[in-house]
Amino acid sequence: YAVNHWYGIRTAVMASVAYSMAEIALKLARKTPITSLFKLSAGLTVFFGALDLTLSSPLFFKYEASITNLVAGVLFAATLWGPKTIIQQFTEQRSPGKPMTPERLWRCRQLTVIWAGYLFVKAATYAWVSSRYSIEEALAIRAATGWASFYALLAFSLFLSPQVLNPRYGLRPSSSPSRT
């Protein structure tokens, strides 16, 4: 947002692409694992940045956040049908060696559904904002609401989900005995 405000949209696009490329290089140099979500995010930034820089109108820049959130939502949702949800992958990376009990697996699945839903709602909201406001106004709105909503969901995921998403109070994991 700041680069766009002070230097213009093309410079902002170049800064976004350069930042993504620098972060990729840093991860490769440090030999740190690159997650699927990071690959997706950086890849879309570079892809849309290249489109924006070659086209005369910044249309793709205007809708990049919407498309990125939509694709990320699809990625989150798709992992619900795989061997491990994306939240389970994050959980296992964060707490290696800690056993995945049926309750923890259930909570990971529920959080994956919640995060996918959040990303779909955010994509739709960003598309609506982009269609109604100028690029600069849309960037300001997205900057204010995007980070606030992200940190609220992150706080919920880390601190409140064990209480709210407790299998005793709602749907149970299939391996948990039901109490009637």
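No experiment lies behind these values; they were computed from the predicted model shown.

Draft legend 1. Quick look at the overall build of the chain. Summing up its helical and strand segments, the chain has seven helices and zero strands in all. The order of helices and strands in the chain, counted from the N terminus, is α-α-α-α-α-α-α. In the chain, buried positions account for 33% of the 180 residues. As displayed, the chain has an accessible area near 11,100 Å², and 67% of this comes from carbon and sulfur atoms.

Draft legend 2. Spatial organisation of the confidence of the model for the chain. When pLDDT is averaged along the chain, the result is 81; 83% of the residues meet or exceed 70. Of all helices and strands in the chain, the one with the weakest mean pLDDT is helix α1 (residues 2-7) (68), whereas helix α6 (residues 102-132) scores best (92). Low pLDDT, under 50, characterises residues 175-180; the predicted model gives this stretch six contacts beyond four residues in sequence or across chains.

Draft legend 3. Just the packing of aromatic side chains, in detail. By the definition in use, this model includes eight aromatic pairs. Note on W128 and Y133: the rings are 6.3 Å apart at their centroids and 75° apart in plane angle, and the pair reads as edge-to-face. Take W128: its relative accessible area is 45%, and that puts it in the partly exposed class. Among the residues examined, Y133 registers a relative accessible area of 33% and is labelled partly exposed. For the pair W147 and Y151, a centre-to-centre distance of 5.7 Å together with 25° between the ring planes defines the contact as stacked. Taken together, the residues W147 and Y151, both in helix α7 (residues 135-164) and four residues apart, mark about one turn of the helix. Put simply, the rings of F76, W115, Y118, W147, F150 and Y151 pair up and form one aromatic cluster.

Draft legend 4. Fine view of helix α3 (residues 36-54). Over its 19 residues, α3 extends 27 Å from the first C-alpha to the last, a length consistent with the 27 Å expected when each residue adds 1.5 Å. Here α3 has its buried residues at F38, L40, A42, L44, T45, F48, G49 and D52.

Draft legend 5. Structural view of the packing of helix α2 (residues 9-30) against α3. Direction vectors running N to C along α2 and α3 enclose 145°, while the axes themselves pass 9 Å from each other. Seen along the crossing, α2 lies across α3 with a hand that is left-handed. Of α3, the residues touching α2 (which contributes R10, V13, M14, S16, V17, S20, M21, E23, I24 and K27) are F38, A42, T45, V46, G49, D52 and L53.

Draft legend 6. Region of interest: a nonpolar patch on the surface. Residues L70, V74 and F120 make up a contiguous nonpolar surface patch of about 240 Å² in total accessible area. Looking at the element boundaries, F120 is found in helix α6. For F120, a relative accessible area of 34% puts it in the partly exposed group.

Draft legend 7. Region of interest: the pattern of salt bridges. As enumerated under the stated definition, the model contains one salt bridge in all. In this structure, the salt-bridge partner of K84 is E92, at a minimum N-O distance of 2.7 Å. You can call E92 partly exposed: its relative accessible area is 23%.

Draft legend 8. The arrangement of the nonpolar core in detail. Counting residues in each nonpolar core, the largest one holds 16 residues, and the members touching the most others are F76, I87, L111, W115, Y118, L119 and L153. Those elements that place two or more of their residues in this core are α3, α4 (59-78), α5 (86-94), α6 and α7. A total of six residues in this core trace back to one element, the largest contributor, which is α6. With near-sequence residues (within four places) excluded, L153 lies in contact with I114, W115 and Y118.

Draft legend 9. Local environment of the side chain of T85. Take T85: it is sitting in the loop between α4 and α5. Within the local environment of T85, its side chain forms a polar contact with the backbone nitrogen of Q88, the two atoms lying 3.1 Å apart. Ignoring any residue separated from it by four or fewer positions in sequence, one finds T85 in contact with T79, L80, C108, R109 and T112.

What counts and what doesn't
- Residues numbered from 1 in each chain as written.
- Predicted model: local features only at pLDDT ≥ 70, side-chain atom pairs only at ≥ 80, totals over all residues.
- Heavy atoms only, no water.
- Helix = DSSP H or I, 4+ residues; strand = E, 2+ residues; numbered from the N terminus.
- Buried < 20%, exposed > 50% of the residue type's maximum accessible area, 1.4 Å probe, protein only.
- Areas by Shrake-Rupley, 256 points an atom, 1.4 Å probe, with all protein chains shown as cover.
- pLDDT = per-residue confidence, 0-100.
- Contact = heavy atoms within 4.5 Å.
- Phe/Tyr/Trp six-rings, centres within 6.5 Å; stacked < 30°, edge-to-face > 60°.
- Expected span 1.5 Å × (residues − 1).
- Axes fitted to C-alpha atoms, helices over the stretch in contact; angles between N-to-C directions.
- Left-handed = near helix turned anticlockwise from the far one by under 90°.
- Patch = residues over 30% accessible without salt bridge, like charges linked within 9 Å, V, L, I, M, F, W, Y side chains within 5 Å.
- Salt bridge = Lys/Arg side-chain N within 4 Å of Asp/Glu carboxyl O.
- Core = buried A, V, L, I, M, F, W, Y, C linked by side-chain atoms within 4.5 Å.
- Polar contact = N/O pair within 3.5 Å; in protein donor to acceptor, adjacent residues only side chain to side chain.

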